[in-house]
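# Structure assessment
So the chains spell out like this:
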Amino acid sequence: MTGISFEGGMGDILISTLLGGVMAVLPDVDHPGSMTGRLIRPLSLYLEERWGHRDSPAHTAVFVFISSLTVAALWLLPGHLAGLSTMAPGIAALLGGTSHLVMDSVTRSGIKPWRYLPIPEKWRQKIYRGTLESGKSALERVLACAGLLGAFFISIFKLT
Ligand SMILES: [Zn+2]
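A brief look at the structure comes next.

About the thresholds
- Residues numbered from 1 in each chain as written.
- Predicted model: local features only at pLDDT ≥ 70, side-chain atom pairs only at ≥ 80, totals over all residues.
- Heavy atoms only, no water.
- Helix = DSSP H or I, 4+ residues; strand = E, 2+ residues; numbered from the N terminus.
- Buried < 20%, exposed > 50% of the residue type's maximum accessible area, 1.4 Å probe, protein only.
- Areas by Shrake-Rupley, 256 points an atom, 1.4 Å probe, with all protein chains shown as cover.
- Phe/Tyr/Trp six-rings, centres within 6.5 Å; stacked < 30°, edge-to-face > 60°.
- Lys NZ or Arg CZ within 6 Å of the ring centre and 35° of its normal.
- Donors = N, O, S within 2.8 Å, 3.2 Å for Na, K, Ca; no water.
- Tetrahedral: all angles 85-135°; square planar, octahedral: opposite > 155°, others 65-115°.
- Core = buried A, V, L, I, M, F, W, Y, C linked by side-chain atoms within 4.5 Å.
- Contact = heavy atoms within 4.5 Å.
- Salt bridge = Lys/Arg side-chain N within 4 Å of Asp/Glu carboxyl O.

### Topic: the overall build of the protein chain
Each helix and strand counted, the protein chain has 7 helices and 2 strands in total. Starting at the N terminus and ending at the C terminus, the protein chain contains elements arranged as β-α-α-α-α-α-α-α-β. Residue burial in the protein chain is summarised as follows: out of 160 residues, 37% are buried. Surface summary for the protein chain: the accessible area is close to 9400 Å², and the carbon and sulfur share equals 72%.

Below, the structure written as structure tokens:
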């Protein structure tokens, strides 16, 4: 049966919210000073040296999409076997990762999220930037909290 219900258990909600939160900070793995960069330091140092912060594959739509698909697959396979099939963790991961890219795109440094997509070069190289100074704006914190709440509410939906 296909449909949307609110029957996801508290475990699904907490795990989906956690995964959405993890995906919301994962793209910064290319910055050794970031939370994820400190946790996975060798990878972080490699990414920064090879591409630089925000120029690595971690700050692209392709990375967010593939990571979210991976989360969804890892959750669905054992969940399906246990009768707990739900798309919520994958959707929360996708929203978390997307929120990171959106928030970075309104900062002064900006990002090029479309790299690696099979689209014309001028679109792949398009930089999205705004006026916020990363880490110094109250609006950034408000948006981060809104993203976490969004992941939580998305997690309440059980898509079967
Ligand atoms: Zn970032």
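### Details of the packing of aromatic side chains
Counted by the stated rule, this structure contains 2 aromatic pairs. Taken together, a centroid distance of 6.3 Å and an interplanar angle of 85° make the contact between Trp114 and Tyr128 edge-to-face. Of this pair, Trp114 sits in the loop between helix H5 (88-105) and helix H6 (121-124) while Tyr128 sits in the loop between H6 and helix H7 (138-156); the two residues are 14 residues apart in sequence, bridging distant segments of the chain. Trp114 gets classed as partly exposed once you look at its relative accessible area, which sits at 31%. Here Tyr128 falls in the partly exposed class, since its relative accessible area comes to 31%. The ring of Trp51 carries the charged tip of Arg50 above its face, separated from the ring centre by 4.5 Å. Over the ring of Tyr128 we find Lys126, and its NZ or CZ is 5.0 Å from the ring centre.

### Points about the coordination of the zinc ion
The protein atoms that coordinate the zinc ion are Asp28 (OD), His59 (NE2), His100 (NE2) and Asp104 (OD), at distances spanning 2.0 to 2.2 Å. Bound by 4 donor atoms, the zinc ion shows angles of 90 to 169° at the metal and therefore irregular coordination geometry. Binding-site remark: the zinc ion is held by donors from one chain whose sequence spacing is D-x30-H-x40-H-x3-D. Here His59, found in the loop between helix H3 (41-50) and helix H4 (61-81), pairs with His100, found in helix H5; they are 41 residues apart in sequence, far enough to count as distant. For the residue pair His59 and His100, the accessibility class agrees, reading buried in each case.

### Digging into the nonpolar core
By size, the foremost hydrophobic cluster in this structure holds 7 residues: Met23, Leu26, Val64, Val71, Ala93, Leu101 and Ile111. Those elements giving two or more residues to this core turn out to be H4 and H5. Aside from chain neighbours lying at most four places away, what touches Val64 is Met23, Leu94, Gly97, Thr98 and Leu101.

### Observations regarding the pattern of salt bridges
In this structure the tally under the stated criterion is 3 salt bridges. Between Arg124 and Glu121 there is a salt bridge, with its nearest N and O atoms 2.3 Å apart. Highlighted residues: Arg124 and Glu121, both in helix H6, separated by 3 residues, approximately one helical turn. Given the relative accessible area of 44%, Glu121 is considered partly exposed.

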